[in-house]
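# Structural characterization, general
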Amino acid sequence: MGPTARRMFEGEMESLSAILQTQTVKVPKPIKVIDVPGGSTLFVMEHLEMRSLNRHSAKLGTQLADLHLHNQKLGEKLKKEENTVGKSEGQTDIQFVDRFGFHTVTCCGYLPQVNDWQNDWVTFYASQRIQPQMDMVEKNSGDREARELWAQLQLKIPSLFCDMEIVPALLHGDLWGGNVAEDDSGPLIFDPASFYGHSEYELAIAGMFGGFSNSFYSAYHSKIPKAPGFEKRLKLYQLFHYMNHWNHFGSGYRGSSLNIMRNLVK
């Protein structure tokens, strides 16, 4: 596990640090990744008394939307400052990010994600999220139907993003019900696989395994309303997670993956 664990923990540490800097939603403070004798690696972080998300569900929806809007607001502030002479006080360390990706590898589960910077979200998602999963499926099972459906779907993806301007949003990246909790101060999220992407991507895995109440979604969408075509894109984003599960846990997830592709190429 040695080098694999270190890569996984380092990605998680960078992800937690990035979310922490936005001061939008609580995460455990990362402290240090340590190699221990015998080839193991440990990740030390702040201890938090956590319990299941319940009372603070709506608050999490609001704070998650704040996280997703944080980079966009930085960009708007920059524009304003460019139009005013002289620099504003209190310059922050956080830079506006105008591309999709992340400065380091992160892992969703134990599989690494390609986070190379791209200017175009559709290119990023197709070539750096779905394609690597397809390559793994191909290597492990040579699935012809998956390959053929993917060839058709690739041509279709741009049409799901007509007239959309997507500002890169810092994402948790693996926000299923098992990675959210609350304490006395409010909601918290942990175990991230962060990158700058399309905010809608975050809601894909949230919807796959439950754990989020209506109040969470209402609060979120009151800040970031659903754009036209939302449901179809959500399916496209769930495809990554079903394929990632297929590559982690085997062909029990093949059916769901192929079904999504069949529905999207219709």
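Note on numbering: residues in each chain are counted from 1, in written sequence order. In keeping with the model being predicted, local features are shown solely for residues with a pLDDT of at least 70 and side-chain atom pairs are shown and tallied solely at 80 or more, while totals for entire chains, interfaces and linings include all residues. Only heavy atoms go into the side-chain values, all of them from the structure, while hydrogens and water stay out.

For the chain, an unreviewed UniProt entry supplies the name protein-ribulosamine 3-kinase and the organism Pelodiscus sinensis. UniProt positions are given in the numbering used here, feature names are shortened, and annotations may be inferred rather than shown by experiment. Quoted verbatim from the Catalytic activity (unreviewed entry) field of UniProt, the annotation for the chain is "N(6)-D-ribulosyl-L-lysyl-[protein] + ATP = N(6)-(3-O-phospho-D-ribulosyl)-L-lysyl-[protein] + ADP + H(+)". Note on the chain: under the UniProt heading Sequence similarities (unreviewed entry), the record states "Belongs to the fructosamine kinase family."

## Some details on the pairing of strand S7 (residues 186-189)
Whether two strands pair depends on DSSP finding at least two bridges between them. Runs of H or I in DSSP of at least four residues are treated as helices and runs of E of at least two as strands, each being numbered from the N terminus. Both strand S6 (residues 180-183) and S7 contribute to a ladder of four bridges, which runs antiparallel. Bridging from a neighbouring strand, Glu182 pairs with Pro187 of S7.

## Overview of the packing of helix H2 (residues 57-83) against helix H6 (residues 214-223)
For every element, the axis is a line fit to its C-alpha atoms; helices are fit only across the contacting stretch, and the angle between N-to-C directions ranges from 0 to 180 degrees. Relative orientation of the contacting elements H2 and H6 amounts to 35°, with a least axis distance of 7 Å. Pair H2 / H6 crosses with right-handed handedness. Of H6, the residues touching H2 (which contributes Ser57, Ala58, Leu60, Gly61, Thr62, Leu64, Ala65, Asp66, His68 and Leu69) are Ser215, Phe216, Ala219, Tyr220 and Lys223. Ten residue types, Ala, Val, Leu, Ile, Met, Phe, Trp, Tyr, Cys and Pro, are classed as nonpolar, four, Asp, Glu, Lys and Arg, as charged, and the remainder, Gly among them, as polar. Of the residues belonging to the contact of H2 with H6, the class tally is eight nonpolar, five polar and two charged. With the far helix as reference, a near helix turned anticlockwise by less than a right angle produces a left-handed crossing, and one turned clockwise produces a right-handed crossing. Whether two residues touch is decided by their heavy atoms; if any such pair falls within 4.5 Å, the residues are in contact.

## Some words on the nonpolar core
The criterion is simple. A nonpolar core is a set of buried Ala, Val, Leu, Ile, Met, Phe, Trp, Tyr and Cys residues joined through side-chain atoms within 4.5 Å. Only protein chains enter the accessibility calculation, which uses a 1.4 Å probe. A residue is then buried if its area is under 20% of the maximum for its type, exposed if over 50%, and partly exposed in between. Counting 68 residues, the largest nonpolar core has Trp121, Phe161, Leu236 and Met261 as the members making the most contacts within it. The biggest single contributor to this core is helix H7 (residues 230-249), with nine residues. Residues contacting Phe161, with those up to four places away along its chain left out, are Trp121, Val122, Ile166, His198, Arg233, Leu236 and Tyr237.

## Remarks on the environment of Arg55
Relative to the helices and strands, Arg55 is located in the loop between strand S2 (40-45) and H2. Here the side chain of Arg55 touches His56 through a polar contact of 3.4 Å, side chain to side chain. Think of a polar contact as two N or O atoms within 3.5 Å of one another; within protein, one of them needs to be a possible hydrogen donor and the other a possible acceptor, and neighboring residues in sequence only count if both atoms come from side chains.

## Notes on a nonpolar patch on the surface
Nonpolar side chains (Val, Leu, Ile, Met, Phe, Trp, Tyr) are joined into patches within 5 Å and like charges within 9 Å, using only residues with over 30% relative accessible area and no salt bridge. Per-residue and other accessible areas follow the Shrake-Rupley method at a 1.4 Å probe size, with only the shown protein chains counted as cover for residues. A carboxyl oxygen of Asp or Glu within 4 Å of a side-chain nitrogen of Lys or Arg is what we treat as a salt bridge. Taken together, Ile31, Ile34, Leu42 and Val44 make up a surface patch of nonpolar side chains, about 310 Å² in accessible area. For the nonpolar patch, the secondary-structure elements that each account for two or more residues are strand S1 (30-36) and S2. Mapped onto the elements of the fold, Leu42 is located in strand S2. Judged by its relative accessible area of 44%, Leu42 falls in the partly exposed class.

## As for the packing of aromatic side chains
Describing an aromatic ring pair means giving the distance of the ring centres and the angle of the ring planes. Each pair of aromatic rings taken from Phe, Tyr and Trp, with Trp reduced to its six-membered ring, is defined by centres within 6.5 Å and is described as stacked if the planes are under 30 degrees apart, edge-to-face if over 60, and tilted in the remaining cases. Evaluation of the coordinates by the stated rule reveals 16 aromatic pairs. Measuring from centroid to centroid gives 6.3 Å for Trp117 and Tyr196, while their planes differ by 35°, and the two rings are tilted. Residue Trp117 is located in the loop between strand S4 (111-113) and helix H3 (121-141), and its partner Tyr196 is located in strand S8 (residues 195-197); the two are separated by 79 residues in the primary sequence. Accessibility expressed as a relative area gives 11% for Tyr196, which makes it buried. Between the aromatic rings of Phe124 and Phe195, the centroid separation amounts to 5.6 Å while the plane-to-plane angle is 25°, which identifies the pairing as stacked. Taken together, the residues span a long stretch of sequence, with Phe124 in helix H3 and Phe195 in strand S8 at a distance of 71 residues. Here Phe124 matches Phe195 in class, with each residue buried.

## A short note on the pattern of salt bridges
This structure, assessed with the given rule, holds 13 salt bridges. Between Arg147 and Glu138 there is a salt bridge, with the nearest N and O atoms lying 2.7 Å from each other. Judged by its relative accessible area of 34%, Glu138 is partly exposed. Between Glu145 and Arg262 there is a salt bridge; the shortest N-O distance is 2.8 Å. Taken as a pair, Glu145 in helix H4 (residues 144-156) and Arg262 in helix H8 (residues 254-265) lie far apart in primary sequence, 117 residues in all. Classification of Arg262 as partly exposed rests on a relative accessible area of 33%. Because the salt bridges share partners, they merge into one network encompassing Asp143, Glu145, Arg254 and Arg262.

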